[in-house]
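# Descriptive structure summary
Chain residues, written in single-letter form:
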Amino acid sequence: MAFVLILACSTSVNAQRNISLNDGWTFKKEHGTSEKITLPHTWNAFDVLDDEPGYYRGLGIYTRLLKLDDSFKGKEIALVFNGVAQEAEVLVNGQSAGKHIGSYTRFIVPITKFLNYKNDLIEVRANNRFNEDIPPLTADFTFFGGIYRNVSLLVTEAVHFSTGDHASSGVYISTPDVSAAKAIVHVRSLIDNASLSARKIQIQTRIFNTEGKEIASQLSDVKFASKENKVVVQDFKSISQPKLWSPEKPYLYRVISKIIDAKTKAVLDEVSNPLGFRWFKFDAEKGFFLNDKPVKIIGASRHQDYEGLGNAVPDALQVRDVELLKEMGGNFLRVAHYPQDPMVLEACDRLGILASVEIPVVNTITETEAFTSNCLNMQTEMIRQNFNHPSIVIWAYMNEILLRPKFANDKPRQQVYYENIRQLAQKLDDLTRKEDPLRYTMLVNHGAWDVYNKVGLTKIPMIVGWNLYSGWYSGVPADFAKFLDRHHKELPNVPFLVTEYGADADPRIRSFEPVRFDKSVEYGLKFHQTYLNAMLERPFVGGGMAWNLADFNSETREETMPHINNKGLLTIGRQPKDTYSLYQAYLSEKPFLKITSAQWKQRSGVADSASLISSQNIQVATNQASAELFLNGKSLGIKNAVDHICSWTVAFVDGKNQLSVVSGALNDHADINFQLQPYKFSDPIPFKDMNILLGSKRYFIAEKEQELWMPDQPYRTNSWGWIGGEPYKGTNNRILYGSDKNILETDNDPIYQTQRVGIKQFKLDVPDGEYELTLHFAELVGGDTKEALAYNLDNNHKKEVVEQRIFDVEINGESFMSKLNLAADFGYTKAVKKKVRLTVANKKGISIDFTSIEGKPVLNALQLRKIY
């Protein structure tokens, strides 16, 4: 079944040119059932988040009916698709009208000759299957399927600006010479005459400033033969004292292009494009210059998906991402790893965000003519569709292409593969320079210096991009600065950008002892401070783009938040993390002061010895020299900012704690709700409940359950803690404790990813009363062996040795779980939760004993709640 859309053709040129077709569709998977949907749409919004490995990659079929009235007859009619993943065929009334390859660029399908102007059936067959001839082949992001961007009906007269030049606007605008005194504007218009008769027309091009005043115009008379296409060039050679476009003042002009019938003076077609006057250069010694002024590029990359939506994201949220980057103080967006919705670059133009755009040739290539042809076509589409955006200064075409080298066991064959990569890179670079000689080309590498130089990929582009993760995937943070200096020394004439850097920061995980790969927000904050300082101190570094603006979906990932890459400065739902505030402190030109730790509003902690307080750290991000913190109205002193962070040790009391920070006229406030745990159960602190992570040094916030989880501690008399055993450490060398495996049947993986191995006993010397005790287990050793993900560069796994593990659990001398075999009874990496109600009497407290039958007993987490 398909919906019917009845359309009438307007006489207004602008109104008739594009008519939204987002509504009235039906969708079904191959052999599936139909459902009514509205575009944008993806069929992978939810299956990429479940525990079942993989997601649907196949055929999806969309249909809708068009009922066009007679006013459309005699017009040229086409369908415009801004993004269909990744192979698309468009049928009209059962006849194939057009096909397109690639998920990320626009395509236009003429449909006039297929229409009956009664009940026209539109069918789109989209397929996101793996195809070795279509990039991307592999990547650390999800290949969503669907018609996931806007669709419209394009209606023009027989004479119109070309719709057949790789789905461009048909008008190309460049500024080959710009200064503060004057500028030259070059306008190249592609015009098609689809009629059977000769035509006399006029091409009118007018330039308007932001205030709507016309500053220049040209009118060209052109004769067309039947079915003739022509290119019309108009040069504006002296635009005096142009207002310049920059991040600080993104002044935009408009170029209005019209096709006018020479006899009747009727406007046959009209398009509008942005115009920004700016000039720029990259210098290998001094960095980036815009309008002759040095500009340190600091920004972020962006993936296009959003929480609960997949990549089918509404226009307003696309624009909001660019606004968030601007509010952060960023001046650059790396549109990665593929061209994105047109709204994104329009927002960059309007808000003053410099940009690079790239095609998704990621990790590896296929050595076929078809793959090469598809890459070249994608690059051409990207450039021509986005040519007129003043925000764009770089076209890019490869990302970490040597990350997953083929033929590792056949070195001669691998050299052939490397040469084919080099040749493809050269073809893409040559094409890009020919298409647009006024912008820079860039090829992006990962941090394998020797191999990229040996293959020759650092010699091809005008700018080299480096994705660097020292202190995350491998090495230590201090290695980052050494890499920057190495490039400057060994490639002194090659400008470069740090195109990626970042550390996962799961917003639910906090730590006062942050370490590499613990996924804590605190480690992420330290990481970004180190990287920002190194780049800002070195003028030869053109700039850097944090990876990523926001968390994004990567279905193959596991870790603390499975299927999500947590390197974003914002969550996948676009909530700011501490790191976002840090960037505001570094980059904002306005005075800035923010209690970053306010993101951690619900806290828990053990009271300091013999006191009614728990001392924990609070951080404030600022671009001021110092700040003063107040707790419940009492000053905690003035602290100087170190790398834009002021830190205090705060004595939290049970319940509500009001924080206020002041620096000059600036202030910020936060309320922290603190659950104080007694140092000893005999202390005058009422015990309610506690949630303990075994073998962990991090705190975890279970948001849905509103539970606060704390690290464990060794047993103390009149308190609580473990006896015996050691923290679990997996076989992955980059993780200092715990596992990064996906824990099945839970969204709270961090509860189960750490454990105490060989534990003998866990004691809680609680007062007499009624309690609910919950023990959490997961077998972390064993299960299906999965391929090590390529981006985890330090993949020196020790071989996992699976041993039988059987043990008994007793509570206060009574059997609770007998001959527990987690792997056999429940399966590997499966969340196991066992609850029991206890009566504690005679001041005996609670004693949980673990007795080995075979192997070492384990406990992952524990909860205790007092009933009365």
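Refer to the structure printed above.
Notes on the structure follow. (Residues numbered from 1 in each chain as written. Predicted model: local features only at pLDDT ≥ 70, side-chain atom pairs only at ≥ 80, totals over all residues. Heavy atoms only, no water.)

## Quick look at the sheet that holds strand β47 (residues 720–723)
- The 5 strands are arranged β47-β50-β55-β52-β53 in an open sheet whose pairing can be described as antiparallel. Of all the strands in the sheet, just β47 and β53 (814–820) have a single pairing partner and so form its edges. With direction set aside, neighbouring strand axes in the sheet form an average angle of 10°.
- As defined by bridge partners, strand β50 (residues 761–764) adjoins strand β55 (residues 846–854) across 4 bridges and the pair is classed as antiparallel. Paired with K763 across the strands is S847, a residue of β55. (Pairing = 2+ DSSP bridges. Helix = DSSP H or I, 4+ residues; strand = E, 2+ residues; numbered from the N terminus. Axes fitted to C-alpha atoms, helices over the stretch in contact; angles between N-to-C directions.)

## Remarks on the sheet that holds strand β36 (residues 593–595)
- Here 3 strands make up an open sheet; going across it, the order is β36-β38-β41 and the pairing antiparallel. Strands with a single pairing partner mark the edges of an open sheet, and in this sheet they are β36 and β41 (645–652). For this sheet the average axis-to-axis angle between neighbouring strands, irrespective of direction, equals 25°.
- Bridge count between strand β38 (residues 614–622) and β41: 8 bridges; the pairing is antiparallel. Bridge pairing in β41 places Q619 opposite S647.
- Against the sheet, helix α9 (residues 578–587) touches β36, β38 and β41, its axis set at about 45° to β38. (Contact = heavy atoms within 4.5 Å.)

## Some words on the side chain of Q86
- Tracing the chain through its elements places Q86 in the loop between β7 (84–85) and β8 (87–92).
- The class for Q86 is buried, based on a relative accessible area of 5%.
- Polar contacts involving the side chain of Q86 include one to the main-chain carbonyl oxygen of R129, which spans 2.9 Å.
- Beyond its immediate sequence surroundings of up to four residues, Q86 is in contact with H100, I101, G102, S103, N127, N128, R129, N131, I134 and P135. (Buried < 20%, exposed > 50% of the residue type's maximum accessible area, 1.4 Å probe, protein only. Polar contact = N/O pair within 3.5 Å; in protein donor to acceptor, adjacent residues only side chain to side chain.)

## Examining the pairing of strand β5 (residues 59–68)
- Counting buried residues along β5, 9 of its 10 residues qualify, which places the element largely inside the surrounding structure.
- Note: strand β3 (residues 25–29) against β5, 4 bridges, orientation antiparallel. The residue of β5 that forms the bridge with K29 is G60.

## Considering the nonpolar core
- M398, I401, L457, L484, Y501, M535 and Y583 are the most contacted members of the largest nonpolar core, which totals 103 residues.
- With 7 residues, helix α8 (residues 521–536) is the largest single contributor of residues to this core.
- Counting 51 residues, the second-largest nonpolar core is a separate cluster that includes F762, L780, V858 and A861. (Core = buried A, V, L, I, M, F, W, Y, C linked by side-chain atoms within 4.5 Å.)

## Thoughts on the packing of aromatic side chains
- Taken as a whole and assessed by the stated rule, the structure comprises 39 aromatic pairs.
- Here the aromatic rings of Y172 and F387 are separated by 5.5 Å at their centres, their planes lie at 85°, and the arrangement is edge-to-face. With Y172 in strand β15 (residues 171–178) and F387 in the loop between α4 (369–386) and β28 (392–399), this pair connects stretches of sequence that are 215 residues apart.
- Residue class for Y172 comes out buried when judged on its relative accessible area of 6%.
- Its relative accessible area of 13% is what places F387 among the buried residues.
- Consider the rings of F280 and Y440, whose centres lie 6.1 Å apart with planes at 40°: the pair is tilted. Placement of the pair is F280 in strand β22 (residues 280–283) and Y440 in strand β29 (residues 440–446), with a sequence separation of 160 residues.
- Overall, the relative accessible area of 14% leaves F280 in the buried class.
- Aromatic ring contacts, followed pair by pair, group Y469, W472, Y473, F517 and Y523 into a single cluster.
- Taking NZ or CZ as reference, K29 lies 4.7 Å from the ring centre of Y56, over its face.
- Here R254 stacks its cationic end above the ring of F208, 5.3 Å away from the centre of that ring. (Phe/Tyr/Trp six-rings, centres within 6.5 Å; stacked < 30°, edge-to-face > 60°. Lys NZ or Arg CZ within 6 Å of the ring centre and 35° of its normal.)

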